Amino acid sequence: MELSKNYEPSLVEDKWYSHWMAKKYFKSVPDSRKAYTVVIPPPNVTGVLHMGHTLNETVQDILVRRARMNGYNACWVPGSDHASIATEAKVVAMLKDRGIEKNSLSREEFLKYAFEWKEKYGNIIYGQIAKLGCSVDWDRVSFTMDNEYFAAVIKVFVDLYKKGLIYRGARMINWDVVAKTALSDEEVEYKDVTSKLYYVKYKVENEDDYISIATQRPETIMGDTGVCVNPHDERYTHLVGKKVIVPLINKAVPVITDDYIDKNFGTGVLKITPAHDINDYNIGLKHNLAVIDVLNEDGTLSQEAQILVGEERFEARKKVVELLKDAGLLIKEEIYDSRLGYSQRTNSVVEPKISTQWFVKIKELAQPALNAVLSGDINIHPGEKFLATYKYWLENVKDWCISRQLWWGQQIPAWYDDEGRFAVAENEEKAKKIFNTQYAIPNAHLKRDEDVLDTWFSSWLWPMQVFKGITAPGNTDINYYYPTSVLVTGQDIIFFWVARMIMAGMEFKNEKPFSDVYFTGMVRDKQGRKMSKQLGNSPDLLELIEKYGADAVRFGIMISSPAGNDLLFDESSLEQGRNFNNKVWNALKLIKIWQNKSVEESGIPSKEDNDFAVHWFEERLNEVKTNIEILISQFRLSEALKQLYSLIWDDFCSWYLEWIKPGFDQTLSKQKIAKTLYFFEELMQLLHPFMPFITEEIYHQLKERDDDLTVKQSSGIHDKNQALLKKGSLLKQAITAVRDARNKHQLKFANKIDLAIQTEHKVNYNGIQNILCKQVNAGSFRFEEASGGITVVVNADKFFIETENKIDQSFQKEKLLKDLEHLKGFLISLAKKLANDKFVANAKPEVIELERKKKTDTHDKIAAIEQSLRQIEAGI
RNA sequence: GGGAGCAUAGCUCAGUUGGUUUAGAGCAUCUGCCUUACAAGCAGAGGGUCCGCGGUUCGAACCCGUGUGCUCCCACCA
């Protein structure tokens, strides 16, 4: 069959993915081999994959495919996350578009819609993962709300409660007024904002005096239950113990003292609003102040506010300011820069709010998680960058608020009776039993907690739960696959997810969930913004695959993104990937042409004077193979890909194939073709984890075969032969130098030249003369000192390029003089270095040896150039 | 307020135990090529005070300090 002019991914990709699936290559079943396990960071079912996911999945696929080819039982578990609050927000918005209000639905009706949403978007995501070529085991797809998973989350909740690690209590939490739910600290994002500081008069009770208090949130003054100053602030000592009047509602509140107050900030007086600020809350607790919540759950003013009831909070702020002005109680306004917390999901300003919620006591879980990393049991890549962050967070982490006032998620397994007593159990029946034994209430009338759990309370079980390990004791998968090998994820969820998975692993399995963590950087747009669905600044993955092919997308995203480094996404690297595909494709076409020619036995066999090329390339291949082995074990994937790219494009295509290329009327010997096929196959095998589709296609194009590259086991490597590599680089240098000279002197390639070489080391040219001549179109080659023509110096050898054409000597003289100047300077620096006793005394022997060699070489080169210059002078 | 990271060619980035006055790649630029695999290509070329300053060292893009600029994380200053 005729091969297409350019590589066409669309003709290849789906075909091979279906084939791999049909052959069940990605399916993993426990066996006698060692497992290499990866669990995918489950994408949220809120939408589609962006470039950050693409980078993530590509890294995982490279590691997994490579492990598979190295004889491991590779298992990559796909799945998705229900993403409680994010998805619920999406579903609510979707319903609204259809004219349906969430609160007009029952819980069950709402969940039906939510599951429909999950089906739709979950499948889009899975489709993208497949398009990208990910070798996941589709029989193991897991979802954080699957029945078994659901049950495991509930069981974990109950267990932790029994251990006393979960409690219910009223605490100040972060409240999202749009989603009307509590948030964990980690779900709050702080942003710099410019706001105002209002200075308000608080009159002293029964006196003419007043004090000025600065506040950012005048709308909460109705919740003030005290005013606080520093005990050592003389300005206010006379007021301590007295009362001041809260403006607008004319309520008297006490003036108290606390060391917390900074005398130098604002007016040195803080109004205490315990319901709406964490500091105020703590001070209030200490001094027994009342808590008055002036906000409703939706962020409007409550009855407690007494005035402006029902007004939205920011609207209320404006109105309060107006009222204060009218009453003559506003002293001044100041522009003020501060930071405000925003809900990660709804982007609304978060309200600190006192609320009864469920919490996990995190300190006890944190210690083992910290130890696992500090002891080196778990290795983080790149370590130096994230270790400190991880440590700091775990050492300072506060209790985790896990209840959410939502429907989409695992409903909290707690049952209440009418009097507010409650029992935690897996189901209502068990809860009833607890009521019976604990409170002596048989047949209690119970109502389940309305709230669901934080989505991370389910995803922290991911590495063990995807093997159904907790709820299915008979299932031995988990023992085989756990702990998993490597976790690949973005650095932005180190606290949300990575740290908590380690906690869960240590707590529930008494073992780490993974051995290595690979943090990818953030993929950003040209303006440096993180790519996210919210911003809509990520290109569509399927469109990119359509345009460049999946292999090119994988190549482009990998080529310059070492672990942990951010990446400004640039489509030109995808173009580079596409061009690379094409290059490989064309190499295939060339080899096939040779193959066919050889089979037909037409033409004269080539002179077989190019064995050197074969030996040399074998050596280069071996060298890069070794490097890649090391690089991948260090998780330096982009560096490995880069070496491979250069090996294929430069060494294989530009050098090797040209070196062995037969003349017009010649053919290659069968052995040489076989050898070339072998090289090409090896290259494809090395490249396969990075670019699975084209490599598989080529593997089959090269030969009719029943086996597939995807599961081909890699072969070994042998010791390096430095001499061959050195000779190869001499050959390359010589060819480039002569070609350069040709270019400079406008000697077209078609103009044959004669080559004379003056060298002390004729042996260096053994076996490469013919290649050299062919590559520079030289008609003859001899060892001899010559004159006239063009002289170039390669190492210390002088090349005389003889030609019929007239040569302008000034060009080469200029070049030689430039080289000479440089080499002389170099020689001086070398001489200085070697004359330095300290250098000779301190440097490693091999370094000194190298410097000495350099000196001799440079010396020889200079001599050669000087001689050439003399000859040119004489010639002119 | 605390902490981390980054600063290398016009652009996007590599450069992992400090060792060539000569620091790499892709894109872009320049020169020459429709050379029978590839113009998404071939053969070459040009382009860099490795952010500034100081230090350690025989030797620094790399280690230390400091300054500047950018990014990120954490934190309860009204």
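Here, every reference points to the structure presented above.
Predicted model, so just to flag it, every value in this text is computed and none were measured.

1. Observations concerning the pattern of salt bridges
So, point 1. Inspection of the entire model under this criterion finds 58 salt bridges.
So, point 2. For R33, the salt bridge identified is with D31, shortest N-O distance 2.9 Å.
So, point 3. Residue classification places R33 among the partly exposed residues on the basis of a relative accessible area of 37%.
So, point 4. Residue class for D31 comes out partly exposed when judged on its relative accessible area of 31%.
So, point 5. When salt bridges that share partners are traced, they join R217, E219, R313, R317 and E351 into one network.

2. Describing the environment of D454
So, point 1. In this structure, D454 sits in the loop between β21 (452–453) and α11 (456–459).
So, point 2. Residue classification places D454 among the buried positions, given a relative accessible area of 1%.
So, point 3. Spatially, the C-alpha atom of D454 lies 18 Å from that of V92, the residues being 362 residues apart in sequence.
So, point 4. In this view, D454 contacts S184, E187, W400, C401, I402, R404 and R500; residues no more than four positions away in its chain are not counted.

3. Overview of the packing of aromatic side chains
So, point 1. Under the definition given, this model contains 50 aromatic pairs.
So, point 2. Measuring from ring centre to ring centre gives 6.1 Å for F265 and Y336, while their planes differ by 75 degrees; the resulting arrangement is edge-to-face. In this pair, F265 is assigned in the loop between β11 (251–257) and β12 (269–272) and Y336 in strand β13 (residues 330–343), connecting sequence segments 71 residues apart.
So, point 3. The class for Y336 is partly exposed, based on a relative accessible area of 23%.
So, point 4. Through a chain of ring-to-ring contacts, three or more aromatic side chains come together here, namely F612, W616, F617, F652, W655, Y656, W659, Y678, F679 and F680.
So, point 5. In this structure, R65 is placed above the aromatic ring of W20, and the distance from its NZ or CZ to the ring centre is 4.6 Å.

4. Examining the state of the cysteines
So, point 1. As enumerated under the stated definition, the model contains zero disulfides in all.
So, point 2. A disulfide-free cysteine, C75 has its sulfur positioned 14 Å from the sulfur of C134, the nearest such atom.
So, point 3. The exposure class of C75 is buried, given its relative accessible area of 0%.

5. Considerations on the sheet that holds strand β15 (residues 379–381)
So, point 1. Spatial ordering of the open sheet is given by β15-β23-β22, a layout of three strands whose pairing is parallel. If you trace the sheet from one side to the other, it starts and ends with β15 and β22 (484–490), each paired once. Averaged over all pairs of adjacent strands, the angle between strand axes in this sheet comes to 20 degrees, irrespective of strand direction.
So, point 2. Each of β22 and β23 (514–520) touches helix α2 (residues 51–69); the most contacted strand, β22, lies at about 160 degrees to it.

6. So, helix α6 (residues 278–287)
So, point 1. Restricting attention to buried positions, one finds in α6 the residues D280, Y281, I283 and G284.
So, point 2. At its buried positions, α6 is contacted by β5 (166–176), β9 (226–229), β11, β12 and β14 (351–360).
So, point 3. The N-capping residue of α6, defined by a side-chain oxygen 2.8 Å from the backbone nitrogen of N279, is D277.
So, point 4. At the exit of α6 stands N288, carrying a positive phi of roughly 60 degrees.

Cut-offs and rules
Residues numbered from 1 in each chain as written. Chains lettered and ligands numbered in written order. Predicted model: local features only at pLDDT ≥ 70, side-chain atom pairs only at ≥ 80, totals over all residues. Heavy atoms only, no water. Salt bridge = Lys/Arg side-chain N within 4 Å of Asp/Glu carboxyl O. Buried < 20%, exposed > 50% of the residue type's maximum accessible area, 1.4 Å probe, protein only. Helix = DSSP H or I, 4+ residues; strand = E, 2+ residues; numbered from the N terminus. Contact = heavy atoms within 4.5 Å. Phe/Tyr/Trp six-rings, centres within 6.5 Å; stacked < 30°, edge-to-face > 60°. Lys NZ or Arg CZ within 6 Å of the ring centre and 35° of its normal. Disulfide = S-S within 2.5 Å. Pairing = 2+ DSSP bridges. Axes fitted to C-alpha atoms, helices over the stretch in contact; angles between N-to-C directions. Polar contact = N/O pair within 3.5 Å; in protein donor to acceptor, adjacent residues only side chain to side chain.

In short, geometric facts, not functional conclusions.
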